[in-house]
Each structure stands twice: as C-alpha cells, then as structure tokens.
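# Examination of the molecular architecture
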Amino acid sequence: MLLGAACGDDSDAEAGEATVQAGDGASSGDETSETPVSGDGNESSQATRTVIDAIGNEVEVPTAPLRVASMDLYTTTRLLELGVHPVVSGVPDPEWELSQEHIDAWAAMGFDGTLLEHETLPYGGEYNIEAIAAVGPDLIVGQPAFIEPVIEQLAGIAPVVQWDSGVLPIAEQIDVVARLVGAEQRAGEITAAFNERLAAIADGIEIESIALVDNNVYDGSFYIYGQGGGITSDWSERLGVDVVAPPNVELDATGGAYISTENVPSLDRAEAVVIFGEPLIGDPLRDNSLFLLLESVESDRLCDAGNFNLAVGLHSLEDYAAQLEEVAGCLRSLNVG
C-alpha cells in the first residue's frame, strides 16, 4: 500500500495535524504550532501529522523528522538517496558483512560508515533495541517482514511507520519514503529525471515477452518473476514486454516464486530469457541441462541483467536506470525471426 493522502476530519484540522493515508500521495491539514520533543530529548520545532502505514496503522509522526532510524537496508538506501542520513540502520552483524559493492553504492549517496557501528540486524537475527534507543530517533521506519516481532519495543522508543518495498516499483518506493521524512521535493527531482531518462527505452525492442529468472539454484529450486509485482512492473511497462512465469505458479507479493528446476522447460513460453544474479551456492541455473535446451537459449535470446536484486534494493535510482538501459540494449539486439 502507498502512503498517500486524504483530508483529515474536523478534529484533525482543529488540532493542526496533517493526515496522510493510503491514496494518491498528497497530504492535507495545517501544521500544529506545538513544539514536540525529538527522541534524544531535544526540541525539534516540528509539526506533527497522522500517517496510515502499509499495514493500516495510524501513526502520529513529525512532519519533518530530524533523527530517523532505518530498520533495514532497503529503507537506508532510499533515505540516503533522498539526502537523509539515518542515525541508525538495520545492518547485518559481523558474521554477515556488507559487500564492498554495497558500501560503495551507499558511499555514492552520502554514507559515511558510521551506520556500521550499530548491530541492528534485518535478516533473521535480533535487533539491538538498546542501540536503537541510544541514538534517540524521533521516527523509526522499517518493513513488516523485518520488524514485526519487535514492533512494540520499537514503538516504545519513537513513532514507527512501516512500508513495503517488495510491492512497489522503485520510483514509488522513493516517493513513499520521501513523504514519511518530508523530502518530497528531492524525490520529485530524482524521479522526474529517472522518468525522462527512460521515456524512450522501449523503442526498437521487438521481443514481446521475457522470462526473468535468478541464476542461482537452491536445493533444486530457482527464483522466477511474473506479472504483478512492483519490481516487474518497471520491467514490463518501461521495456514494453510481458514478464512471463510458468502457468499454475502462485506468485508472492513481489510477483515472484521459487519453482523446481523440473519446470525449466516452461520458460519457453517467453521469447527471451533475462537472467540475473551472480552464482552464490549450488549449481547455477545457467549450467542446468534443461536450461541449455531452451529454444530461447539455443537461439541466443539470452540477456544478462547482472546483480538485479542488489540494484533494486541497495543501489540508487540512477544505477537502476543504467541496468534497465543495458537490458533494453540487449533485448533490442535480439533476433525474433
């Protein structure tokens, strides 16, 4: 769900609060004259407003928060891109180190390394609640998949707003996070540049359908995207192609699913295959004998998207645009005869 706008009722207007809820992204209401106190005990001279987050919670938040705590890597990336440096970020513990590629991508967006000092963990571990509280946030932003088990503890520190990157195209991710932290102008600038850059990206592409798959194989399964997810809507609408999944596959909220390698022949429903991700564990899909027998592969209608997952979650909109342009160039070169 998007964090959008609806007019507040009379009580909201009298209290001087702005109300933002699921809708088109605008907000309404007057700013309050009150001076709230930020999470570190300092007066922030901020108005407040009420937002309805991705799971339907009404949360009163600062209109322009000064000390934002990010609870996952995706939120951190979107904040940095908007020029907002979070006071703490959900980053993996020392046993799961950020790659240099991640750190370099963040550095290009203003990351200075200090966030790595905190042991908050977004992937399957325990958040360091004490470390989060110690930095005194006045707003906590995260995603339900990561923070649901500790939502009550976090709410005891500062207002908590949840959003879901997996169901949103990347430009909409930026707009949603921007509305939470008062960075709408910056979001408008970078998304406008993104849209202008990709306005004619589909020109010359004759391929009508692609299979979008992960190169890695996990215990006989691999990941494939289909229509309907936030990620694939960019690929489908901007590149002018259908993203085709095997029939009778139940897709998750992001428009993807793990399927058995036995279903590889069903990828021939698409005219071309776009494969992403570097091999991590197991035998990569690219070496699978059934994959090598696909008509699209035998006809050399195969495009490499590189580290697709990383570009969506941990790189900037500019990097993502460059990736889409590279794939578009490949699709444009394919022979559909």
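Structure: see above.
Before going into details, it helps to say that this report is about the structure given with it. (Residues numbered from 1 in each chain as written. Predicted model: local features only at pLDDT ≥ 70, side-chain atom pairs only at ≥ 80, totals over all residues. Heavy atoms only, no water.)

### Concerning the environment of Gln 173
- As for its placement among the helices and strands, Gln 173 is situated in helix α7 (residues 170–181).
- Sequence-wise, Gln 173 and Thr 75 are 98 residues apart; in three dimensions their C-alpha atoms are separated by 9.0 Å. (Helix = DSSP H or I, 4+ residues; strand = E, 2+ residues; numbered from the N terminus.)

### Brief notes about the sheet that holds strand β7 (residues 139–142)
- Spatially, four strands are ordered β6-β5-β7-β8 in an open sheet, and the strand pairing comes out parallel. Of all the strands in the sheet, just β6 (88–89) and β8 (160–162) have a single pairing partner and so form its edges.
- As paired strands, strand β5 (residues 68–70) and β6 are joined by two bridges and run parallel to one another. Bridged to Ala 69 within β6 is Val 88.
- The strands touched by helix α2 (residues 73–81) are β5, β6 and β7; relative to β5, the strand with the most contacts, the crossing angle is about 140 degrees. (Pairing = 2+ DSSP bridges. Contact = heavy atoms within 4.5 Å. Axes fitted to C-alpha atoms, helices over the stretch in contact; angles between N-to-C directions.)

### Some words on the pattern of salt bridges
- Per the stated rule, a full pass over the model turns up five salt bridges.
- Close ionic contact of Arg 78 with Glu 81 constitutes a salt bridge, the shortest N to O distance being 2.9 Å. Of this pair, Arg 78 and Glu 81 both sit in helix α2, separated by three residues, roughly a single helical turn. Glu 81 carries the same exposure label as Arg 78, and that label is buried.
- Asp 234 is the salt-bridge partner of Arg 238, the closest N and O atoms lying 2.9 Å from each other. Here Asp 234 and Arg 238 lie together in helix α9 (residues 230–239), a separation of four residues that amounts to about one turn.
- We classify Asp 234 as buried; its relative accessible area is 4%. (Salt bridge = Lys/Arg side-chain N within 4 Å of Asp/Glu carboxyl O. Buried < 20%, exposed > 50% of the residue type's maximum accessible area, 1.4 Å probe, protein only.)

### A short note on the packing of helix α8 (residues 184–197) against helix α13 (residues 317–333)
- The geometry of α8 relative to α13 is characterised by a closest axis approach of 10 Å and an angle of 10 degrees between their N-to-C directions. With respect to each other, α8 and α13 are oriented roughly parallel. Residues Ile 190, Thr 191, Phe 194 and Arg 197 of α8 form the contact with α13, whose participating residues are Leu 317, Glu 318, Tyr 320, Ala 321, Ala 322, Leu 324 and Glu 325. (Parallel < 35°, antiparallel > 145°, perpendicular 65-115°, else oblique.)

### So, the state of the cysteines
- Per the stated rule, a full pass over the model turns up one disulfide.
- One disulfide bridge connects Cys 303 with Cys 330, the sulfur atoms lying 2.0 Å from each other. Where Cys 303 bonds to Cys 330 through sulfur, the torsion about that S-S bond is close to -90 degrees, and the disulfide is left-handed. Note that Cys 303 is positioned in strand β14 (residues 302–306) and Cys 330 in helix α13, a separation of 27 residues in sequence.
- Overall, the relative accessible area of 1% leaves Cys 303 in the buried class.
- You can call Cys 330 partly exposed: its relative accessible area is 22%. (Disulfide = S-S within 2.5 Å.)

### Points about the pairing of strand β10 (residues 221–225)
- Where burial is concerned, most of β10 is hidden: four out of the five residues are buried.
- Bridging between strand β9 (residues 209–214) and β10 involves two bridges; their strand directions are antiparallel. In the strand pairing of β10, Leu 212 is matched with Tyr 225.
- Connecting β9 to the antiparallel partner β10 that follows it, the hairpin turn spans six residues, and Asp 219 within it adopts a positive phi of roughly 50 degrees.

### Notes on the packing of aromatic side chains
- The full count for this structure, using the stated rule, is five aromatic pairs.
- Ring centres of Phe 194 and Tyr 320 lie 6.2 Å apart, and the angle between their planes is 15 degrees; on these two criteria the pair is classed as stacked. On the criterion of sequence distance, the pair formed by Phe 194 in helix α8 and Tyr 320 in helix α13 is long-range, its members being 126 residues apart. Accessibility classification places Phe 194 together with Tyr 320 in one group, the buried group.
- Aromatic pair Tyr 218 and Tyr 258: ring centres 6.1 Å apart, planes at 90 degrees, arrangement edge-to-face. Residue Tyr 218 is found in the loop between β9 and β10, and its partner Tyr 258 is found in strand β12 (residues 256–260); the two are separated by 40 residues along the sequence.
- These aromatic residues form a ring-pair network of at least three members: Tyr 218, Tyr 223, Tyr 225, Tyr 258 and Phe 276. (Phe/Tyr/Trp six-rings, centres within 6.5 Å; stacked < 30°, edge-to-face > 60°.)

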